[in-house]
Amino acid sequence: MDFRFSPEEEAFRQEVAALLEREVPAEYRRKRMTFFDMSAQHDWIQVHRYIAERLGEKGWLSLHWPEEYGGRGLSPFYRLILREELARYHSPGYDSIGCGIVAPAILLKGSEEQKNQYLPGIAAGKVMWCETLSEPNHGSDLAAAEVFAKEETDCFVVNGQKIWTTNGHFADWNALIARTDRAANPNYRGLTFFLLDMKTPGITVNPIVNMAGHHEFNEVFFEDVRIPKENIVGGLNKGFYVVMSLLDYERTTDTVYAIAGTYINDLAEYARQNNLFTPVLENKLAQLRADCEVSRLLHYRVAWMQSKGMVPNYESAMSKLYSFELHQRVSEFGMDLAGQYSQLVEGSPRVPMFGRIPSCYLRSFGYSLEQGTSEIDRDVIAQRGLGLPRLR
Amino acid sequence: MDFGLNEQQEMMQTLARDFLAGEYPNKVLKAMVKDEKGCAPELWEKMAEMNLMGLSLPEEYGGVGDFLDLIVVLEEMGRVCFLGPYFSTVAVGAAAIMAGGNKEQREKYLPDIASGKANVTLALTERKVEYEADALQTMTISRGGYFVINGTKLFVPDAQAADFIICAARTGESNGGGDGTTLIIVDRNEPGITMRPLKTVSGEKLYEVIFENVKSSARNVLGEVNHGWRIVEKVLQRANVARCAEMVGLAQQSLNMTLDYAKERIAFGHPIGAFQAIQHRCADMLIDVEGSRFATYQAAWRLNEGLDAAKEAAAAKAWVSRACRRVMTSAHQVHGAIGFTEDHLLHYYTKRALACEFSYGGNDVQLAKLAALYK
Ligand SMILES: Cc1cc2nc3c(=O)[nH]c(=O)nc-3n(C[C@H](O)[C@H](O)[C@H](O)COP(=O)(O)OP(=O)(O)OC[C@H]3O[C@@H](n4cnc5c(N)ncnc54)[C@H](O)[C@@H]3O)c2cc1C
Ligand SMILES: Cc1cc2nc3c(=O)[nH]c(=O)nc-3n(C[C@H](O)[C@H](O)[C@H](O)COP(=O)(O)OP(=O)(O)OC[C@H]3O[C@@H](n4cnc5c(N)ncnc54)[C@H](O)[C@@H]3O)c2cc1C
């Protein structure tokens, strides 16, 4: 057992902090924005792209990849340190879909050509990704996806609608799951995983505004969209297996505990400035900080497993579930702390913390849905983690 | 004991439900949220025709029914997420005039309120939003037959739509017991009043109201000079219980929407309502809704009977606020991503519930009150 970071890891953290200190716009640090609070992020995408490229230049988006694909074969703790610092500096720049999902999927299941074609763009922070799994009629039940890709001689032709596509309006490329066999039984054996250039003709992206008033996700329509056959990852009709293995990654990639931790500190600062401290309040803050600490450890355990070559599964469901629900509790605590003021939105007289409090709270309703719902996570933990039987 | 509604209350419920279903469809709600004043004159007129503004006021002033009738109607308003200066005028402003006003003042204001001609709001909280007399800093000084008010009030509901503002101000040293405060009615067009809208997530119309040497006749003092806080306390009790009724309606409707959705949304070959995780959530929602309803009814009934209701009112507001949040959280969870969008109705309920919760003192404020009452 050893709960320290290595000296090299500590040095890396310093280096990241120094770069962010230099590059993150002062406005971002002043307003302390996060991806979970899109208020005031009108220039988010520009800042994201700028920082992503700075991180890419340093090779920091691919440190833990194998050396033959541009990585340095370092432990996943480097990725985690990077993301902790990004959270601390309220900085965008890490494309959690490209870096956190697509790259692992390609590394795990992609062909040699695909690795050479797609990984460099992700590593350089120059190509942004979205993923289209969910459909209007099928969310949790991904295996029931209906968007159909019809095989032709040199390509597949996709028709149908996806929904809730985060960053669909910014993305250059898309990780798409589509049905390629309607007769497959069970139905998950008829799905294929495609990499799709968002500039391909026939794709329409329409915004959906969430209850916090932010435009973050979209609906995406496909009309005779042609995808070359070589863009299939993991083989025809084997898409579900790719998704299942990458979901284990998806559930670990967000260092939400770090974002929650910075938010707790910001709320404590608000309390201090407004003389709100009481024993009850201090108690609540302390409880949330202890929760954060545990959340951090659950994440580190997953990174540690990955560093040992183990494949985390229910362990990542645990860290995702706990950290996202923790962030919900922290967001709700913010509402209690600010009381009447917590209803005020950005741009209102008297608004505290640039309107982050209601923005974070309202946004937090999505945490127990995105990347798989809390119910599904609890099922995964119970059935795969604890070996409990399933009801047939 | 009788937990049910009587004939008159049932009639009010049906009347209000039918009226609101016809006159307050979702598109009106959406318009009200965006509207600057949040008041549609035509709707207001129709409400006045039905004598909704006179609810719980004595007949001699053009009123009708009692506090329980008002509670029943507010629950229905909650169900449609009703926005508008109704609550501030009827449940709070009129209640303050009833509680503290002399004959002359009642005759002057109440008939106009009951007929929908006048709106009135209570300006209570200040920068440090507290519901204690000691927290008041706004000052008013007697000059001959007038009082001159100086100070800044925050979170004043519907101030733009109000014809009169009841201002709680300091007239003397606070003695920790609530004395030293005075309630005075001010014409909203009096020189020296400025207001700025505070923008809220729910569309609740709250204002910052600044009083700069604002004059009001000594005849407009409600109750006695220096002893206004007793009236405020009475009004707060009623206002909080009335807010609870609104939250009950909000929570009930959110549960209804959730049950409908759980029956129709299919995942893994079943309606999601067949999954035990979802059923258990819905079961807990029902406990929260019905628990809220009966906590509210009990406190409202005590107030209506003229019994002491300090504990019941505080317990109701504290509990209902929390229960309502839990209901909204579950409603969103069961709805999945669709309930997370601005196009879906659910978020209006979630936000409106927050506005109700925080006004007149949220969970923390009520728990502190309750704790003090048990000391
Ligand atoms: C902020 C946000 C961002 C998102 N980004 C993306 C994205 O980039 N790409 C993408 O493809 N999707 C994205 N999604 C969609 C997300 O993956 C889905 O919302 C999620 O999978 C749930 O699907 P659903 O919303 O259709 O709900 P449903 O699956 O219809 O579920 C409704 C309710 O039923 C419950 N339920 C369903 N099945 C079961 C069961 N077997 N047992 C118990 N309870 C069950 C759910 O937990 C939920 O409470 C995003 C969603 C959000 C909120
Ligand atoms: C203090 C006490 C006094 C009692 N007195 C009496 C008495 O006087 N007379 C009498 O006849 N019995 C009595 N009981 C027994 C009591 O009725 C049973 O304990 C109860 O019915 C549960 O049965 P069980 O203990 O066999 O648990 P089980 O039924 O085996 O349940 C075990 C667990 O599984 C859960 N479970 C079971 N079915 C489901 C389902 N469909 N979905 C989800 N979860 C499920 C249960 O909730 C429980 O958590 C008493 C029990 C206690 C603790």
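Residues numbered from 1 in each chain as written. Chains lettered and ligands numbered in written order. Predicted model: local features only at pLDDT ≥ 70, side-chain atom pairs only at ≥ 80, totals over all residues. Heavy atoms only, no water.

Examining the overall build of chain B
Thought 1: When its secondary structure is counted, chain B shows 11 helices and 10 strands.
Thought 2: Taking 2.2 N^0.38 as the reference for a compact globule, 375 residues should give roughly 21 Å; the C-alpha atoms of chain B span a radius of gyration of 21 Å, in line with that estimate.
Thought 3: Considering only C-alpha atoms, chain B reaches an extent of 80 × 50 × 40 Å along its principal axes.
Thought 4: Residue burial in chain B is summarised as follows: out of 375 residues, 56% are buried.
Thought 5: Put simply, 74% of the contacts in chain B that link residues at least 6 apart link residues at least 24 apart.
Thought 6: When the accessible area of chain B is evaluated, it comes to approximately 15400 Å², of which 50% is carbon and sulfur surface.
Thought 7: For chain B, the separation between the mean place of its 40 positive charges and that of its 47 negative charges on side chains is 5 Å. (Helix = DSSP H or I, 4+ residues; strand = E, 2+ residues; numbered from the N terminus. Rg over C-alpha atoms; globule rule 2.2 N^0.38 Å. Buried < 20%, exposed > 50% of the residue type's maximum accessible area, 1.4 Å probe, protein only. Contact = heavy atoms within 4.5 Å. Areas by Shrake-Rupley, 256 points an atom, 1.4 Å probe, with all protein chains shown as cover. Lys, Arg positive; Asp, Glu negative; His and termini not counted. Charge placed at Lys NZ, Arg CZ, Asp CG, Glu CD.)

As for the interface of chain A and chain B
Thought 1: In this assembly, 42 residues from chain A lie in contact with 47 residues from chain B.
Thought 2: The three residues of chain A that bury the most area against chain B are A:Met211, A:Gln340 and A:Gln343, which together make up 20% of that side's buried surface.
Thought 3: Between chain A and chain B we count 5 salt bridges in total.
Thought 4: A salt bridge links A:Glu375 to B:Arg281, with the shortest nitrogen-to-oxygen separation between them at 3.3 Å.
Thought 5: The interface formed by chain A and chain B contains 17 residue pairs in polar contact (both at pLDDT 80 or more).
Thought 6: Residue assignment for the side of chain A that touches chain B shows that the elements contributing at least two residues are strand S6 (203-209), helix H10 (314-338), helix H11 (356-363) and helix H12 (374-385) of chain A. (Buried area = accessible area lost by both parts, 1.4 Å probe. Salt bridge = Lys/Arg side-chain N within 4 Å of Asp/Glu carboxyl O. Polar contact = N/O pair within 3.5 Å; in protein donor to acceptor, adjacent residues only side chain to side chain.)

Structural notes on the nonpolar core
Thought 1: Counting 91 residues, the largest nonpolar core has B:Tyr24, B:Met47, B:Leu52, B:Leu74, B:Phe82, B:Tyr86 and B:Ile166 as the members making the most contacts within it.
Thought 2: Setting aside anything within four residues of it in sequence, one finds B:Leu52 in contact with B:Met12, B:Phe19, B:Met47, B:Val73, B:Tyr86 and B:Val90.
Thought 3: Residues A:Phe5, A:Tyr28, A:Val233 and A:Leu246 belong to the second largest nonpolar core, which totals 63 residues. (Core = buried A, V, L, I, M, F, W, Y, C linked by side-chain atoms within 4.5 Å.)

A look at the site of ligand 1
Thought 1: Lining the immediate surroundings of ligand 1 are 28 residues, of which A:Ser140, A:Trp164, A:Thr166, B:Arg265 and B:Gln333 lie closest.
Thought 2: Within the backbone of B:Ala337, one N or O atom sits 2.8 Å away from an oxygen atom of ligand 1.
Thought 3: Relative to its unbound accessible area of 970 Å², ligand 1 is 94% covered by the protein chains.
Thought 4: Among the elements of the structure, strand S1 (129-132) and H12 of chain A together with helix H9 (310-335) of chain B are those that each provide at least two residues to the shell around ligand 1.
Thought 5: Here the element with the most residues in the shell around ligand 1 is H12(A); it accounts for 3 residues.
Thought 6: In the shell around ligand 1, the residues fall into 13 nonpolar, 9 polar and 6 charged. (Near = heavy atom within 4 Å. Nonpolar A, V, L, I, M, F, W, Y, C, P; charged D, E, K, R; others polar.)

What to know about empty space enclosed by the protein
Thought 1: Inspection of the entire model under this criterion finds 7 cavities of 30 Å³ or more.
Thought 2: Considered as a void within the structure, the largest cavity measures approximately 130 Å³ in volume.
Thought 3: Considering the residues around the largest cavity, the lining is formed by 15 residues, among which A:Gln340, B:Phe155, B:Pro157, B:Ser359 and B:Tyr360 are closest to the centre.
Thought 4: Top contributing element to the lining of the largest cavity by residue count: strand S3 (residues 146-157) of chain B, with 3 residues.
Thought 5: Partitioning the lining of the largest cavity into residue classes produces 9 nonpolar, 4 polar and 2 charged. (1 Å grid on protein atoms, 1.4 Å probe; cavity = no way out; pocket = protein on both sides within 12 Å on 5 of 7 lines; lining within 4 Å. Points joined across faces, edges and corners; volume = space filled by probe spheres on them.)

Considerations on helix H11 (residues 363-373) of chain B
Residues and elements named next belong to chain B.
Thought 1: Regarding H11, the residues found buried are Asn 363, Gln 366 and Leu 370. Viewed along the axis of H11, the buried residues span an arc of 70°, placing them on a single side of the element.
Thought 2: The elements touched by buried residues of H11 are helix H7 (229-264) and H9. (Arc of directions from axis to C-beta.)

Comments concerning the packing of H9(B) against H11(B)
Residues and elements named next belong to chain B.
Thought 1: At a closest axis distance of 8 Å, the pairing of H9 and H11 adopts a crossing angle of 150°. For the element pair H9 and H11, the recorded crossing hand is left-handed. Contact residues: H9 offers Ala 310, Lys 311, Ala 314, Ala 315, Lys 317, Ala 318, Ser 321 and Arg 322, while H11 offers Asn 363, Gln 366, Leu 367, Lys 369, Leu 370 and Leu 373.
Thought 2: Partitioned by chemical class, the residues of the contact of H9 with H11 number 7 nonpolar, 3 polar and 4 charged. (Axes fitted to C-alpha atoms, helices over the stretch in contact; angles between N-to-C directions. Left-handed = near helix turned anticlockwise from the far one by under 90°.)

Quick look at the confidence of the model for chain B
Thought 1: Overall, the prediction assigns chain B a mean pLDDT of 96, with 100% of residues at 70 or greater.
Thought 2: Reported confidence for the predicted complex is 0.96 by ipTM and 0.97 by pTM. (pLDDT = per-residue confidence, 0-100.)

A word on the pairing of strand S7 (residues 215-228) of chain A
Residue and element names in this part refer to chain A.
Thought 1: Judged from the 8 bridges that link them, strand S3 (residues 155-163) and S7 form a sheet pairing that is antiparallel. Across the sheet, the residue bridging to Ile 163 is Glu 219, located in S7.
Thought 2: Here S6 folds back onto S7, and the loop between the two strands holds 5 residues, one of which, Gly 213, carries a positive phi near 85°. (Pairing = 2+ DSSP bridges.)

Re the packing of aromatic side chains
Residue and element names in this part refer to chain A.
Thought 1: Per the counting criterion, the structure on display carries 24 aromatic pairs over all chains.
Thought 2: Centroid distance Trp 164 to Phe 217: 5.2 Å. Interplanar angle 55°. Geometry classified as tilted. With a gap of 53 residues between them, Trp 164 in the loop between S3 and strand S4 (173-179) and Phe 217 in strand S7 connect regions that are remote in the sequence. The residues Trp 164 and Phe 217 share a single accessibility class, namely buried.
Thought 3: The structure contains a cluster of three or more aromatic residues connected by ring pairs, namely Phe 5, Phe 77, Tyr 257 and Tyr 300.
Thought 4: Stacked on the ring of Phe 5, the Lys or Arg Arg 13 has its end atom at 5.1 Å from the ring centre.
Thought 5: The ring of Phe 324 has Lys 320 sitting right over it, with the charged end atom 4.7 Å from the ring centre. (Phe/Tyr/Trp six-rings, centres within 6.5 Å; stacked < 30°, edge-to-face > 60°. Lys NZ or Arg CZ within 6 Å of the ring centre and 35° of its normal.)

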